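Architecture at a glance
Chain residues, written in single-letter form:
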Amino acid sequence: MIAVIAAMDKEVEAIVSILDDHEHFEKSGIEFDKGSLEGKSVIVMKSGVGKGNASMATTILLENFNVEAVVNIGTAGGLDPCQQVLDAVISTRVVQHDMDTSAVDGDEGIGLYFDADKDLADICVDALSALDIHVYQGLVASGDQFIAREDQLERLHTYFPKAICVEMEAGAIAQVCTHYHVPFVVLRSLSDVAHNKDSHMDFLTYVGHASKRSAAFCKELMKRMA
């Protein structure tokens, strides 16, 4: 079974709307939607906002279902001024950028890293390419912070210069998947891009576009899963 963890209600709804043999149920206060897509068994779950919610929900997911792989989709802010709104980012690694034990561990205590599954990432890139979506691959920075200030951006650029986007759940999902030895990949659609004045879109318009593309992506992805 392939698990798709989505960040927004609209994304969950868009994916669920194309599932065959749909079944909705709840475990430990978390809602799940199970079905099939392109002949593959799929379970869809909303992560909740932030690392705490995401880690709790992902743990409940992996404790209750036989999950072969996790694909985490959602929204992020781009960190490369060449990026545009609705471009996609695929993780090679994920870092919890707000993890900081440098007071006792020095610079090695800044950031907690997890490696995404390369084969799964390659399949995602192929699926996105079929939809003619511009894809960036690299480090996803994750933390319990909404990044809006210049000092926050400066810190990210200083300590994580290879990061190409920033968001709030992937670091926890990556950590839980790594603990359970379940391969994962993170896909983020960019809602805005730092230092790019042309990267603006009304958020409701963005959500509408992103949700439809998330559903289309899942369909293309399942075509390629073994």
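So, here's what we can say about the structure. (Residues numbered from 1 in each chain as written. Predicted model: local features only at pLDDT ≥ 70, side-chain atom pairs only at ≥ 80, totals over all residues. Heavy atoms only, no water.)

Here we come to the overall build of the chain. When helices and strands are counted, the chain shows seven helices and 10 strands. Taking 226 residues into account, the globule formula puts the C-alpha radius of gyration at 17 Å, and the chain, at 17 Å, falls close to it. Each principal axis of the C-alpha atoms in the chain carries an extent, and together these give about 50 × 40 × 30 Å. Looking at the 226 residues of the chain, the share that counts as buried comes to 55%. A fraction of 77% describes how many contacts in the chain between residues 6 or more apart in sequence connect residues 24 or more apart. Entry remark: accessible area of the chain is about 10600 Å², with carbon and sulfur atoms responsible for 50%. Taken as two groups, the 18 positive and 35 negative side-chain charges of the chain have centres that lie 3 Å from each other. (Helix = DSSP H or I, 4+ residues; strand = E, 2+ residues; numbered from the N terminus. Rg over C-alpha atoms; globule rule 2.2 N^0.38 Å. Buried < 20%, exposed > 50% of the residue type's maximum accessible area, 1.4 Å probe, protein only. Contact = heavy atoms within 4.5 Å. Areas by Shrake-Rupley, 256 points an atom, 1.4 Å probe, with all protein chains shown as cover. Lys, Arg positive; Asp, Glu negative; His and termini not counted. Charge placed at Lys NZ, Arg CZ, Asp CG, Glu CD.)

Counting buried positions along strand 8 (residues 135-142) gives seven out of eight residues, so the element sits mostly inside the fold. Note: strand 6 (residues 88-100) against strand 8, eight bridges, orientation parallel. Paired with S91 across the two strands is G138, which belongs to strand 8. Pairing of strand 8 with strand 9 (residues 163-167) involves four bridges; the strand directions are parallel. Looking at the pairing, L139 lines up with A163 of strand 9. (Pairing = 2+ DSSP bridges.)

Residues in a regular strand point their side chains to alternate faces of the sheet. Burial runs high along strand 5 (residues 69-78): 10 of the 10 residues are buried. As judged from the four bridges shared by strand 1 (residues 2-6) and strand 5, these two strands associate in the parallel manner. Bridge assignment links I5 to a residue of strand 5, and that residue is N72. Sheet topology places strand 5 next to strand 10 (residues 184-193); nine bridges connect them, and they run parallel. For I73, the partnering residue across the bridge sits in strand 10 and is L187. Here strand 5 runs beside strand 9; their pairing, made up of two bridges, is antiparallel.

None of the figures reported here should be taken as evidence of function without further support.
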